[in-house]
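Coordinate analysis (summary)
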Amino acid sequence: GVCRTDVQLFGKVVVITGANTGIGKETARELARRGARVYIACRDVLKGESAASEIQADTKNSQVLVRKLDLSDTKSIRAFAEGFLAEEKQLHILINNAGVMLCPYSKTADGFETHLAVNHLGHFLLTHLLLGRLKESAPARVVNLSSVAHHLGKIRFHDLQGDKYYNLGFAYCHSKLANVLFTRELAKRLKGTGVTTYAVHPGIVRSKLVRHSFLLCLLWRLFSPFLKTTWEGAQTSLHCALAEGLEPLSGKYFSDCKKTWVSPRARNNKTAERLWNVSCELLGIQQE
Ligand SMILES: NC(=O)C1=CN([C@@H]2O[C@H](COP(=O)(O)OP(=O)(O)OC[C@H]3O[C@@H](n4cnc5c(N)ncnc54)[C@H](OP(=O)(O)O)[C@@H]3O)[C@@H](O)[C@H]2O)C=CC1
Ligand SMILES: CC1=C(/C=C/C(C)=C/C=C/C(C)=C/C=O)C(C)(C)CCC1
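Residue positions are given per chain, counting from 1 as you read along its sequence in written order. Here chains are named by letter from A upward and ligands by number from 1 upward, in the order in which they appear as written. Note on the predicted model: pLDDT of at least 70 is required for a residue's local features to be given, and 80 or more for side-chain atom pairs to be given and counted; whole-chain, interface and lining totals, by contrast, use all residues. With hydrogens and water stripped out, all remaining heavy atoms of the structure feed into the side-chain values.

1. Description of the overall build of the protein chain
Helix and strand content of the protein chain: eight helices and eight strands. Computed over the C-alpha atoms, the radius of gyration of the protein chain is 17 Å, within 12% of the 19 Å expected from 2.2 N^0.38 for a compact globule of 288 residues. Taken along the three principal axes of its C-alpha coordinates, the protein chain extends 50 × 50 × 35 Å. Note on exposure labels: buried denotes an accessible area under 20% of the residue type's maximum, exposed denotes more than 50%, and partly exposed covers the range between, all computed with a 1.4 Å probe on protein chains only. Within the span of the protein chain, comprising 288 residues, buried residues form 57% of the whole. Within the protein chain, contacts between residues separated by at least 24 positions form 77% of all contacts whose residues are at least 6 apart in sequence. Going along the chain from the N terminus, every DSSP run of H or I of four or more residues is numbered as a helix, and every run of E of two or more is numbered as a strand. Every radius of gyration here is taken over C-alpha atoms, with the globule rule written as 2.2 Å times N^0.38, N being the number of residues. Here, two residues are considered to be in contact whenever any of their heavy atoms come within 4.5 Å of each other.

Below, the structure is given as structure tokens:
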């Protein structure tokens with residue numbers, strides 16, 4: 001799938017998480033090429049600056065800015081949002097791209113299991129904090145990077161933090177299912193606001209995502225010619241951020257720039273609503 005729209009983004013503002021490398025960097029590059037002011041939100045500002053310089057040189061767009069955001073720390077997420085809201089009056093596209101996979105069992109400063117914290121809860125909080133600005137800037141879009149791995153995921157409400165049972169492969173799958181359910185519930189709650197949202201499987205992409213697994217690093221090298229490049233991996237995110245007429249498909253899951261089938265668990269409205277409520281509780285978010 002290739003994003004074929006020629007939509008231009010002059011005057012538009014974009015935030016993309018984890019855009020210092022991989023799929024995020026290629027997505028940021030294309031959005032900058034189309035004229036947007038692009039905020040690279042990343043945990044390592046030095047890596048972010050190096051990506052931003054590369055993108056600026058490549059696209060001749062000087063409006064590629066780097067801000068610190070560590071999704072494994074709710075304090076950092078709140079500080080990022082506060083800074084962003086103080087400096088930007090508009091936000092048209094939020095791409096929740098950052099992710100971790102196959103991390104050994106660990107808890108974040110807030111006491112959340114790392115995959116759940118970075119891949120789901122961190123983006124849930126970030127989106128919540130920026131939602132007002134997105135609504136004021138409508139039409140606006142939120143794109144959530146999920147994965148085909150969501151098919152193997154399950155929301156284990158009785159053991160969300162993996163205290164009783166933990167498997168690093170499944171922990172990733174659960175968090176990616178959470179991304180699809182979050183997208184579904186967010187779309188429902190945003191009806192009529194002009195803000196729409198989409199979940200994305202980028203394909204199996206040659207990136208640093210597999211860094212924690214020796215076996216997958218080896219497989220990725222061996223099968224490298226058969227994996228997507230990061231440019232190819234960025235296409236579905238770009239499609240969901242840019243393509244005209246996608247609004248009726250808000251809440252849906254896309255792969256290869258097309259709406260795609262999701263697992264039965266990812267279609268369960270009760271699970272989506274319960275996950276939303278539990279996420280709010282964990283993050284101390286007051287619901288209206
Ligand atoms: N590659 C693939 O085959 C697939 C990828 N995906 C999804 O695509 C998305 C992008 O992955 P991809 O580009 O492949 O992976 P990469 O590992 O190349 O990039 C991930 C990005 O997320 C950032 N990140 C990780 N932890 C945090 C954190 N705590 N706070 C802020 N940023 C963080 C990384 O920062 P840093 O560089 O500092 O580590 C990096 O910028 C992910 O959500 C992934 O789950 C889905 C299906 C398949
Ligand atoms: C077995 C096998 C492969 C492994 C694929 C795997 C294990 C993919 C996992 C992808 C995930 C989890 C992506 C992120 O969300 C390759 C390398 C395609 C090559 C063909 C043989």
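2. Some points on a positive patch on the surface
A cluster of basic side chains, namely Arg 43, Lys 47, Lys 208 and Arg 211, defines a positive patch on the protein surface. Topologically, Arg 211 is positioned in the loop between β6 (195-201) and α6 (214-222). Owing to a relative accessible area of 43%, Arg 211 belongs among the partly exposed residues under this scheme. Each patch is built from residues lacking any salt bridge and having more than 30% relative accessible area; the joining distance is 9 Å for like charges and 5 Å for nonpolar side chains (Val, Leu, Ile, Met, Phe, Trp, Tyr). Here, Shrake-Rupley sampling with a 1.4 Å probe gives the accessible areas, and only protein chains in the shown set may cover a residue. We define a salt bridge as a side-chain nitrogen of Lys or Arg found within 4 Å of a carboxyl oxygen belonging to Asp or Glu. Working convention for charge: Lys and Arg count positive, Asp and Glu count negative, and His plus the chain ends are omitted. Here the site of a charge means NZ on Lys, CZ on Arg, CG on Asp, or CD on Glu.

3. What about the side chain of His 150?
With respect to the helices and strands, His 150 occurs in the loop between β5 (140-145) and α5 (168-189). Look past the residues within four positions of His 150 in its chain and what remains in contact with it is Cys 173, Lys 176, Leu 177, Val 180, Tyr 253, Val 262, Ser 263 and Ala 266.

4. Regarding the site of ligand 1
Any residue with a heavy atom positioned within 4 Å of a molecule or strand is treated as near that molecule or strand. Neighbouring residues of ligand 1: 30 residues in total, closest Asn 20, Arg 43, Tyr 172, Val 205 and Ser 207. In protein, a polar contact means a hydrogen-donor-capable atom and an acceptor-capable atom, both N or O and within 3.5 Å, with residues adjacent in sequence counting only if both atoms are side-chain atoms; elsewhere, any N or O pair within 3.5 Å suffices. Gly 18 is positioned such that a nitrogen or oxygen atom in its backbone is 3.1 Å from an oxygen atom of ligand 1. Between ligand 1 and Asp 70 there is a distance of 3.0 Å, counted from a nitrogen atom to a side-chain nitrogen or oxygen. Calculation on ligand 1 without its partners gives an accessible area of 900 Å², and the protein chains cover 98% of this total. Broken down by secondary-structure element, the contributors of at least two residues to the shell around ligand 1 are α1 (22-33) and α5. When residue character is reported, Ala, Val, Leu, Ile, Met, Phe, Trp, Tyr, Cys and Pro are called nonpolar, Asp, Glu, Lys and Arg charged, and the others, Gly included, polar. Looking at the shell around ligand 1, its residues break down into twelve nonpolar, twelve polar and six charged.

5. Focus: the site of ligand 2
Near ligand 2 the following residues occur: Met 101, Ser 147, Tyr 172, Ile 204, Leu 216, Trp 220 and Phe 223. The contact in question runs from an oxygen atom of ligand 2 to an N or O atom on the side chain of Ser 147, over 2.5 Å. In this structure, Tyr 172 approaches ligand 2 through a side-chain N or O atom, which is 2.7 Å from an oxygen atom. Surface burial for ligand 2 is 62%, taken as the share of its 540 Å² of free accessible area covered by protein chains.

6. Quick notes on the environment of Ala 32
You can see Ala 32 is positioned in helix α1. The exposure class assigned to Ala 32 is buried, which follows from its relative accessible area of 2%. Considered as a pair, Ala 32 and Val 13 are 19 residues apart in the sequence and their alpha carbons are 9.9 Å apart. Among residues more than four places away in sequence, those in contact with Ala 32 are Val 38, Ile 55, Thr 59, Asn 61 and Val 64.

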